[in-house]
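# Summary of structural features
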Amino acid sequence: MTAAEAQAYLDLVDWRRRVGDLYRISGEDALARFRRGRDDLFRTHPQSPIEPEERASFAGLRYFDHDPACRVTAHLEPGDGTDLVIDTGGDDGAVRYRRAGTLVFTLGGEPCRLTVLSLVQYAGGLFVPFRDRTSGRDTYGGGRYLFDTAKDTDGLVLEIEAGSPEVVIDFNYAYNASCAYSARWACPLAPPENHLKVEVRAGERTYHT
């Protein structure tokens, strides 16, 4: 292993810590501060998914306006515990998840369901990727992520109370997978059961160079 490869491991730890810190911002202007901080990381950090040659001209990510209606209460129904394997299409191969539960909620007047996936490996983690009717038009065609607790991207998105199946989820923090920015990344994307039949006009939009 080269010195550069070893440094990349440390940089990745720093990247994940800094991303996680963004999800712990509080206050009325939390969303605006979150977006500014995310832009700064994408512009300057060695582990940014933006290609190095594009960072100097990077003008920021594109978002929908904040929509309070996209912060909704959901009920978590128990999952059936079956496994789901998602092929990333890259060197990492397939990632195995377990169906831990289903978030049931109403958005835009329509009933919605999203499967909550649990990572089947050391440390676990809950993961919710999704597609909606903006995918491939206003948002990345492969869909977006609502939260991924293994990556610490849930603090502002998922409000829970121990012992209660009622949670609050906020689509204003929905974000793109790294593969939305560059073909050198491979990512697990939303399975068909997480394709919503509504437009989710909240969160991150398609990335344009």
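Our structure is the block above this text.
What comes next concerns the included structure.

Rules used throughout
- Residues numbered from 1 in each chain as written.
- Predicted model: local features only at pLDDT ≥ 70, side-chain atom pairs only at ≥ 80, totals over all residues.
- Heavy atoms only, no water.
- Buried < 20%, exposed > 50% of the residue type's maximum accessible area, 1.4 Å probe, protein only.
- Helix = DSSP H or I, 4+ residues; strand = E, 2+ residues; numbered from the N terminus.
- Pairing = 2+ DSSP bridges.
- Core = buried A, V, L, I, M, F, W, Y, C linked by side-chain atoms within 4.5 Å.
- Contact = heavy atoms within 4.5 Å.

## Looking at the pairing of strand 2 (residues 83–87)
Of the two faces of strand 2, only the one carrying L84 and I86 is buried; D83, V85 and D87 on the other face are not. In this sheet, strand 3 (residues 94–107) lies alongside strand 2 in antiparallel orientation, the contact comprising 5 bridges. Within the sheet, the bridge partner assigned to D83 lies in strand 3 and is R98.

## As for the pairing of strand 4 (residues 110–119)
Pairing of strand 3 with strand 4, which is carried by 10 bridges, proceeds in the antiparallel orientation. Within strand 4, the residue paired with Y97 across the bridge is L119. Hairpin connection of strand 3 to strand 4: 2 residues between the antiparallel strands, including G108 at a positive phi of 60 degrees. Linking two consecutive strands that pair antiparallel, namely strand 4 and strand 5 (residues 126–130), is a turn of 6 residues; a positive phi of about 80 degrees is found at A123 within it.

## So, the nonpolar core
Among the nonpolar cores identified, the biggest contains 53 residues, and L103, F105, L107, L146, I169 and F171 are the most heavily contacted of them. Excluding its chain neighbours within four sequence positions, the residues that come into contact with L146 are L114, V128, F130, T153, V157, I169, D170, F171 and Y175.

By themselves, these figures tell us nothing about what the structure is for.
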